[in-house]
Amino acid sequence: MEFCLREYRDSDYVVVREVYATGFREHGSSIFITVLQRLWVQVVLLATFLGLLVLFGSPLSATLGVFGILLVVRVSVQCLLEQGVRLGLSEDLQDIRASYMRPGQVSRFWVAEARGRIVGTVAILPCVEEKGAWELKRITVLKRWRGRGIAKALCHTALEFVARRGVKRVVLFTSMAQVDAHKLYDSLGFKKEREFVWPSLPAKLVNFLVYKYAYAVGV
């Protein structure tokens, strides 16, 4: 096996936060492309081009107008990513030991190591949004290490951990752009329950959807 899994140590703190931030930002291009594939975005771009072409009679002006909209979308996606990074670093990742590793807690944080460095993470803890459920969080694998089964192994480890402790329901939240992750969750037995627009201005500007998945432990 190219990698090994182990529980979080305090000496991992800085690297884990860096892996989270890097992994989150690596989704920028896929989110941008996903947004551009939405029909309503393509209609807006076409309408803008045609409207400016009629108004100014200049293909150059019409093209510049479309590029302006694309720039707004790109900046919105970047702002969205930075909001997500700041949110994660200021919540459970602010104090990982207190959030996940205290004795007696039904919660835990794991890392995946390959070639002597941390390349992935996963965590699980009681869900704040849904009483009685646990939430699978911080599922991150650095881009160059994806496609090697690391994320699946991390998720299996977390699900087995809560199964041994009597947990019956696990949920997770993921974005519309993480298509490969959706396939992973489907293969693990998760089912998509609902979708909603992430409640922030950049997310609303690009209609950025978040999906909630749920898993029945032991079924």
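Scroll up for the structure.
Keep in mind that this is a model prediction, so the values were computed, not measured.

Calculation criteria
- Residues numbered from 1 in each chain as written.
- Predicted model: local features only at pLDDT ≥ 70, side-chain atom pairs only at ≥ 80, totals over all residues.
- Heavy atoms only, no water.
- Helix = DSSP H or I, 4+ residues; strand = E, 2+ residues; numbered from the N terminus.
- Contact = heavy atoms within 4.5 Å.
- Areas by Shrake-Rupley, 256 points an atom, 1.4 Å probe, with all protein chains shown as cover.
- Lys, Arg positive; Asp, Glu negative; His and termini not counted.
- Charge placed at Lys NZ, Arg CZ, Asp CG, Glu CD.
- Polar contact = N/O pair within 3.5 Å; in protein donor to acceptor, adjacent residues only side chain to side chain.
- Salt bridge = Lys/Arg side-chain N within 4 Å of Asp/Glu carboxyl O.
- Buried < 20%, exposed > 50% of the residue type's maximum accessible area, 1.4 Å probe, protein only.
- Pairing = 2+ DSSP bridges.
- Core = buried A, V, L, I, M, F, W, Y, C linked by side-chain atoms within 4.5 Å.
- Phe/Tyr/Trp six-rings, centres within 6.5 Å; stacked < 30°, edge-to-face > 60°.
- Lys NZ or Arg CZ within 6 Å of the ring centre and 35° of its normal.

Draft legend 1. Spotlight on the overall build of the chain. If you tally the helices and strands in the chain, you get eight helices and seven strands. Seen through its principal axes, the chain has C-alpha atoms that stretch 70 × 35 × 30 Å. Expressed as a percentage of contacts within the chain between residues at least 6 apart in sequence, the contacts between residues at least 24 apart total 65%. A total of about 11700 Å² of accessible surface is found on the chain, and carbon and sulfur atoms cover 59% of it. The averaged location of the 19 negative side-chain charges in the chain is 2 Å from the averaged location of its 30 positive side-chain charges.

Draft legend 2. Structural detail: the side chain of Glu130. Residue position: Glu130 is located in the loop between strand S3 (117–126) and strand S4 (134–141). A polar contact of 2.7 Å, which involves the side chain of Glu130, links it to the side chain of Lys212. Other than its neighbours up to four places away in sequence, Glu130 contacts Arg169, Val171 and Lys212.

Draft legend 3. Spatial organisation of the environment of Leu70. Residue placement: Leu70 occurs in helix H4 (residues 59–90). Separated by 38 residues in sequence, Leu70 and Phe32 have C-alpha atoms that sit 9.3 Å apart. When residues no more than four places from it in sequence are discounted, the contact partners of Leu70 are Phe32, Leu36 and Leu45.

Draft legend 4. Structural detail: the pattern of salt bridges. Per the counting criterion, the structure on display carries 13 salt bridges. The partner of Glu82 in a salt bridge is Arg25, and the shortest N-O contact between them spans 2.9 Å. Taken together, the residues span a long stretch of sequence, with Glu82 in helix H4 and Arg25 in helix H1 (residues 13–25) at a distance of 57 residues. Here Glu82 falls in the partly exposed class, since its relative accessible area comes to 21%. Between Arg138 and Asp92 there is a salt bridge, with the nearest N and O atoms lying 2.6 Å from each other. Here Asp92 lies in the loop between H4 and helix H5 (96–100) and Arg138 lies in strand S4, a separation of 46 residues in the sequence. Residues Arg138 and Asp92 agree in their burial class; the two are buried. Salt bridges sharing common partners tie together Glu130, Arg169, Glu193 and Lys212.

Draft legend 5. Structural detail: the pairing of strand S7 (residues 209–216). When you tally the buried positions in S7, you get seven out of eight residues, the bulk of the element. Of the pairings in the sheet, the one linking strand S5 (residues 169–175) to S7 comprises seven bridges and is antiparallel in character. In the sheet register, Ser175 faces S7, and the bridge partner there is Val210.

Draft legend 6. Seen up close, the nonpolar core. If you look at the biggest cluster of nonpolar residues, it comprises 66 residues, and the most contacted ones within it are Phe109, Ile124, Leu136, Ile150, Val170, Phe190 and Phe208. When residues of this core are assigned to their parent elements, the largest contribution, eight residues, is made by H4. Each residue touching Phe190, except ones within four places of it in the same chain, is listed here: Leu136, Leu159, Val170, Leu172, Tyr185, Tyr213, Ala214 and Tyr215.

Draft legend 7. Region of the structure containing unusual backbone geometry. The phi dihedral of Arg115 is positive, around 55°, even though this residue is not glycine. Locating Arg115 in the fold gives a position in the loop between strand S2 (108–114) and S3. Phi is positive for Arg138, which is not a glycine, with a value near 55°. By relative accessible area, Arg138 is classed as buried at 14%.

Draft legend 8. Broad picture of the packing of aromatic side chains. Going through the model one piece at a time under the given rule, you end up with eight aromatic pairs. Ring centres of Tyr8 and Phe109 lie 5.7 Å apart, and the angle between their planes is 70°; this geometry places the pair in the edge-to-face category. A residue pair is termed long-range when its members are at least 10 positions apart, and Tyr8 in the loop between strand S1 (4–7) and H1 and Phe109 in strand S2 qualify at 101 residues. Classification of Tyr8 as buried rests on a relative accessible area of 5%. Taken together, Tyr185, Phe190, Tyr213 and Tyr215 form an aromatic cluster joined through their ring pairs. Just above the ring of Phe32 sits the side chain of Arg74; from NZ or CZ to the centre is 5.0 Å.

It is worth stressing that arrangement in space is one thing and function is another; only the former is reported here.
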